[in-house]
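Spelled out from the first residue to the last, the chains are:
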Amino acid sequence: MSTSSKINTIRTRFAPSPTGYLHLGGARTALYSWAFARHNKGQFILRIEDTDVERSTPAAVQAIMDGMHWLNLDYDEGPFFQMQRMDRYGAMIDKMLADGNAYLCYSTPDELNQMREQQRLKGERIRYDGTWRPEAGKTLPAIPDGIKPVVRFKNPASGAVVWDDLVKGPISINNEELDDLIIARQDGTPTYNFCVVVDDWEMQITHVIRGDDHINNTPRQINILRALGGDQPVYGHIPMILGPDGEKLSKRHGAVSVVQYHEEGFLPEAMINYLARLGWSHGDDELFSRDQLVEWFDSSNMSKSAAQFDPEKLKWVNAHYMKQADKGMLLADLTERMAKAGYSTEGGPALADVLDVVLERASTLVELRDEANLFYKEVSAPAEELQAMLDDTVIAALKDFSSRLDSIELNVEAVGALVKDVLKAHNLKMPKLAMPVRLLLTGIKQTPSIDKVIVLLGKAKVQQRISAGLGV
Ligand code: GLU
């Protein structure tokens, strides 16, 4: 039974394990939990699940925080660290034992292996056989010497666990399919599923939104929660993200850490928009602001099927946000990226003017940087490509254009008029002249409008690049 209706304040959480960077899947889970809390004017909590001491690192904690910070996913409480809550878990395990909802199990690893082997041979489901499970009228084996027990949860033997998943719809799991989970190891440390339950309960989480790789844990967690007397939160399990090839998204598909997307020139607004849309929809809307997302993100419209990551679409979204972005911010970013890459702007046009021109075409801040650099670095037109565009008429037109540049005032209109004159005089069509000009001036074929490029470069550089390219 869901009791969410009793609770006024919606409380969600993001509960990453700090064993690596914040990848796209994690960031999306965080985003959905955040957006749902914000939509409902509720609270969003960050909890670091660091009980796997072998694999958890402070660097990974930092990477998660950096990722959240970059995406501007602010949290109202936390970060809570599970390793700092061991006393709470210990107290709850004692309570479970005292209430008869958990029991000590002295089965040795050897015995468990044998038991599993038997089950395998008989074609039965592999599960703990309940040797140490107390039942009315049952006599338990004598406690062996020198064996430290684990604590097992006494899972209900019958009935079913039912929940109405926000994403997947109604789910029902028979208790017969669940065995008695270990909740504390021999050394007394609590296990993963137990900590999650205690935390979700004590942190008063009303909605658990997480990846569907956790869906098998949910019925176990619900049973433990019920045994503790907690209210069942609402669960929503979002399907995983697949790579463009339909395989599970991984390093093979390029950047997987959200912060790496920052390095590759994506804006956080674009990332938020793209990730939001990757597994959730609001009609046909593809581009929407953070505020719109918050306004629209109720629990409906999360997709049941796995989403496919599309790097081209991400770029398209990013290009949109770049065009909308504040010029001052873009210029500061561009200046920093140029400097970091060792690209000097000395002796070239003002970077702000270059920015205006290259912004039209770039879809990442890195592309912006590299296109901007065409106005400063030494360029050389790829010889073969250039040769294929040149014939006597084109060469004559290029020389003519170059020398007549001296006679005009340098602005976009005048350059445009001169290009037209030269085309007419040599009886050429626009691409015949424009393509080699692009190549000569920038070394690449696709550039912003050629008039603007010429104005920015200035007469001397244009003439010098044309004559160097033509070898005259
Ligand atoms: N710590 C788990 C993970 O990083 C998430 C657990 C949860 O959301 O319940 O996969």
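Details of the structure are given in the entry above.
What counts, and where the lines are drawn
Residues numbered from 1 in each chain as written. Predicted model: local features only at pLDDT ≥ 70, side-chain atom pairs only at ≥ 80, totals over all residues. Heavy atoms only, no water. Axes fitted to C-alpha atoms, helices over the stretch in contact; angles between N-to-C directions. Helix = DSSP H or I, 4+ residues; strand = E, 2+ residues; numbered from the N terminus. Parallel < 35°, antiparallel > 145°, perpendicular 65-115°, else oblique. Contact = heavy atoms within 4.5 Å. Nonpolar A, V, L, I, M, F, W, Y, C, P; charged D, E, K, R; others polar. Left-handed = near helix turned anticlockwise from the far one by under 90°. Buried < 20%, exposed > 50% of the residue type's maximum accessible area, 1.4 Å probe, protein only. Pairing = 2+ DSSP bridges. Salt bridge = Lys/Arg side-chain N within 4 Å of Asp/Glu carboxyl O. Near = heavy atom within 4 Å. Polar contact = N/O pair within 3.5 Å; in protein donor to acceptor, adjacent residues only side chain to side chain. Areas by Shrake-Rupley, 256 points an atom, 1.4 Å probe, with all protein chains shown as cover. Right-handed = clockwise from strand over helix to strand, strands pointing away.

Chemist: Can you explain the packing of helix 1 (residues 24-39) against helix 8 (residues 268-277)? Please cite residues and give values.
Modeler: Packed helix pairs are characterised by how far apart their axes lie and by the angle those axes make with each other. As a packed pair, helix 1 and helix 8 sit with axes 10 Å apart at the nearest point and diverge in direction by 85°. One finds that helix 1 runs roughly perpendicular with respect to helix 8. Together, Leu24, Ala27, Arg28, Leu31 and Tyr32 of helix 1 and Met271, Ile272, Leu275 and Ala276 of helix 8 make up the contact between the two elements. Grouping the constituent residues of the contact of helix 1 with helix 8 by class yields eight nonpolar, no polar and one charged.

Chemist: How would you explain the packing of helix 15 (residues 392-404) against helix 16 (residues 412-425) if you had to name every residue and give the values?
Modeler: The contact between helix 15 and helix 16 brings their axes to 10 Å, and the two run at 145°. Like other packed secondary-structure pairs, helix 15 and helix 16 cross with a definite hand, here right-handed. On helix 16, the residues touching Ala397, Asp400, Phe401 and Arg404 of helix 15 are Val415, Leu418, Val419, Asp421 and Val422. The residue makeup of the contact of helix 15 with helix 16, split by class, is six nonpolar, no polar and three charged.

Chemist: Describe the pairing of strand 5 (residues 150-153), listing the residues and the values that go with them.
Modeler: Strand residues, when the strand is regular, have side chains that alternate between the two faces of the sheet. Along strand 5, one buried face is formed by Val150 and Arg152 and the opposite face, lined by Val151 and Phe153, is buried too. In the sheet, strand 4 (residues 102-105) pairs with strand 5 via four bridges, with the strands oriented antiparallel. Bridge assignment links alanine 102 to a residue of strand 5, and that residue is phenylalanine 153. Judged from the two bridges that link them, strand 5 and strand 8 (residues 182-184) form a sheet pairing that is antiparallel. Bridge pairing in strand 8 places arginine 152 opposite isoleucine 182.

Chemist: Can you lay out the pattern of salt bridges for me, pointing to particular residues and giving the numbers?
Modeler: Applying the stated criterion across every chain, the model contains 29 salt bridges. Measuring nitrogen to oxygen at the nearest pair gives 3.6 Å for the salt bridge that ties glutamate 117 to arginine 120. Taken together, the positions of glutamate 117 and arginine 120, both in helix 4 (residues 109-121) and three residues apart, correspond to about one turn of that helix. Judged by relative accessible area, glutamate 117 falls into the partly exposed class, the value being 37%. The closest approach of N and O atoms between aspartate 245 and arginine 252, which form a salt bridge, is 3.5 Å. Given a relative accessible area of 44%, aspartate 245 falls into the partly exposed group. In this structure arginine 252 comes out as exposed when scored by relative accessible area, which is 58%. Members of the salt-bridge network, linked through shared partners, are Arg13, Arg47, Glu49, Arg85, Arg88, Asp199, Asp200 and Glu202.

Chemist: If you had to explain unusual backbone geometry to someone new, which residues and values would you point to?
Modeler: Across the junction of glycine 78 and proline 79, the peptide omega takes the value 5°, indicating a cis bond. Along the chain, proline 79 turns up in strand 3 (residues 77-81). Phi at glutamine 204 takes a positive value of approximately 55°, unusual for a residue other than glycine. Topologically, glutamine 204 is positioned in the loop between helix 5 (192-202) and strand 9 (207-211).

Chemist: I'd like a rundown of the site of the ligand, residues and numbers included.
Modeler: What surrounds the ligand is the set Arg13, Ala15, Pro16, Ser17, Glu49, Tyr192, Val196, Arg210 and His214. One of the side-chain N or O atoms of arginine 13 is found 2.7 Å from an oxygen atom in the ligand. Expressed as a share of its isolated accessible area of 300 Å², the protein-covered part of the ligand is 81%. Across the shell around the ligand, the residue classes break down as four nonpolar, two polar and three charged.

Chemist: I'd like a rundown of the pairing of strand 9, residues and numbers included.
Modeler: Of all five residues in strand 9, five are buried, a share of seventy percent or more. Bridge count between strand 9 and strand 10 (residues 234-238): five bridges; the pairing is parallel. Bridging from a neighbouring strand, isoleucine 209 pairs with glycine 236 of strand 10. Note that the unit made of strand 9, helix 6 (residues 217-228) and strand 10 has a crossover that is right-handed.

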